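The chain contents come next:
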Amino acid sequence: KVSEAISEFQKVLKDEPGRSDVRYFLAQAHMIAGDLQLSKNELTEVLKVAPNSTDARASLAEVYFRLHSYDEAVSEAKKVIAIQPDNQKAKRVLGDAYVGKRDINNALSQYKELIRISPNDPLGHFRLGTIYRAQKKNTDAMSEFEKAISLNPQLIQPLAHIMWILIEQGGTDKAIERANKQLTASQNNPLIYNLIGKAYLVKKDDKKAEEYFNKSIEMDKNTLASYMDLGALYARSKTYDKAIARFEEAIKVKPNYLQPYMLIGILYDSQKNHDKAKEYYEKALKIDPKFAPAANNLAWIYAEHGGNIDIALDLAQRAKEKLPEDPGVSDTLGWIYYKKGVYLKAISLLKESSEKLDNNPTVRYHLGMAYYKNGNKELARRELDAALNINQKFDEMEEAKKALASLKR
């Protein structure tokens, strides 16, 4: 109950603003809630009062790491290690920050140090395994992952890496066999059933994959990954009702998880049920108003299927701010400017999209229409011709043909 914890800590600090211990706990709560900037602010205040607090400084290093501020993370972690040379959290964050900086040799050194400090902690072995895997030293990676699992048979990530190494080596059956062996050691961990299901997907055995995803859920009704994987499996086979039902179950397990809302919206969109799609994109944005994929898709629905064009513009601008390089977002925003009659802005954005999606007939059609309305007849003809040459059956085909015909008159 993180929001309640935050509220209580804030009440204490209102009465006793000097309580650096409470401020530290508040920072931890903000970190759990994903409010990294707020966590950073509180930890900075703690360190003003207690500059030698290794707990606060190690947490600040972690916040910097999560913010992708790797140099700052390295700096803060080193300050902790200067005071406590064997501080495990600082060593781990330092290693992770070096990975972020792509300084593999220093990362390797820190993870080895982590194992030296605490040889029976599986985390160091797992982190070291990921470095070896990145270096394509699969034998060494497998050894570290196996060591991590031997120390904690419930761990899923090391097993997943072992299975994917085997799969990459052409041993999908060996990967399944290794996972089945781990089921006994882990007392039938439901997430291992999920991994086996994923391996069967690699074998293109959808029935077996479905069986194992369902087994995972039978073991634990809260196995989010299996609801998501089942939903994706049903969506691929175009059994949309079953897919939506699985994603709905995922929402019940984790109501603030954005992906199932997005996927349900996309499935309704694909069935031309734009009202239901709109409902789910709006639900996603209620959880996170800055969630760009939902903002983009909702903007498109408003622009194309009845809605306030100014709201559509605001949503598309929000999406563009978060995903400036995404050609789909540029296409949405450009088409909205087209609908508002701002053709030069539309052309600029649609050109940007077309350069990356030059084989998408709808994008080429949009750019052609923007040129057409702006009086650039030759460029309009080129883009509309290109759209029709790519695909004679895209949604806007008839409109493209009509515009092209009028240009040739």
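The structure contained in this document is the topic of the report that follows. Every value quoted in this text rests on a predicted model; they were computed, and no experiment measured them. (Residues numbered from 1 in each chain as written. Predicted model: local features only at pLDDT ≥ 70, side-chain atom pairs only at ≥ 80, totals over all residues. Heavy atoms only, no water.)

## Brief notes about the packing of helix H22 (residues 361–373) against helix H24 (residues 397–408)
Where H22 meets H24, the closest approach of the two axes is 11 Å, and the angle between their N-to-C directions is 35°. In this structure, H22 crosses over H24, and the sense of that crossing is left-handed. Taking contact as the criterion, the partners of Tyr365, Met369 and Tyr372 in H22 are, on H24, Glu399, Ala400, Ala403, Ser406 and Leu407. Looking at the contact of H22 with H24 residue by residue, the classes come out as six nonpolar, one polar and one charged. (Axes fitted to C-alpha atoms, helices over the stretch in contact; angles between N-to-C directions. Helix = DSSP H or I, 4+ residues; strand = E, 2+ residues; numbered from the N terminus. Left-handed = near helix turned anticlockwise from the far one by under 90°. Contact = heavy atoms within 4.5 Å. Nonpolar A, V, L, I, M, F, W, Y, C, P; charged D, E, K, R; others polar.)

## Comments concerning the nonpolar core
Core analysis: the biggest nonpolar cluster contains 120 residues, and Ile196, Tyr365 and Leu384 have the highest contact counts within it. Take this core: its biggest share by element is eight residues, from helix H18 (residues 292–304). Formed by five residues, the second largest nonpolar core is a distinct cluster that contains Ile6, Leu13, Val22 and Ala29. (Core = buried A, V, L, I, M, F, W, Y, C linked by side-chain atoms within 4.5 Å. Buried < 20%, exposed > 50% of the residue type's maximum accessible area, 1.4 Å probe, protein only.)

## A short note on the packing of helix H2 (residues 20–33) against helix H4 (residues 54–66)
At a closest axis distance of 11 Å, the pairing of H2 and H4 adopts a crossing angle of 25°. As judged from the angle between their axes, H2 and H4 are roughly parallel. Along this stretch, H2 crosses H4, giving a crossing that reads as left-handed. Only Asp55, Ala56, Ser59, Glu62, Val63 and Arg66 of H4 make contact with H2, whose side of the interface consists of Tyr24, Gln28 and Met31. Classifying every residue of the contact of H2 with H4 by side-chain character gives four nonpolar, two polar and three charged. (Parallel < 35°, antiparallel > 145°, perpendicular 65-115°, else oblique.)

## Quick notes on the packing of aromatic side chains
Scanning the entire structure with this criterion turns up eleven aromatic pairs. Judged by centre distance (6.1 Å) and plane angle (25°), the rings of Phe9 and Phe25 are stacked. Linking Phe9 in helix H1 (residues 2–15) with Phe25 in helix H2, this pair joins segments that are 16 residues apart in sequence. For Phe9, a relative accessible area of 23% corresponds to the partly exposed category. By relative accessible area, which is 44% here, Phe25 ends up partly exposed. (Phe/Tyr/Trp six-rings, centres within 6.5 Å; stacked < 30°, edge-to-face > 60°.)

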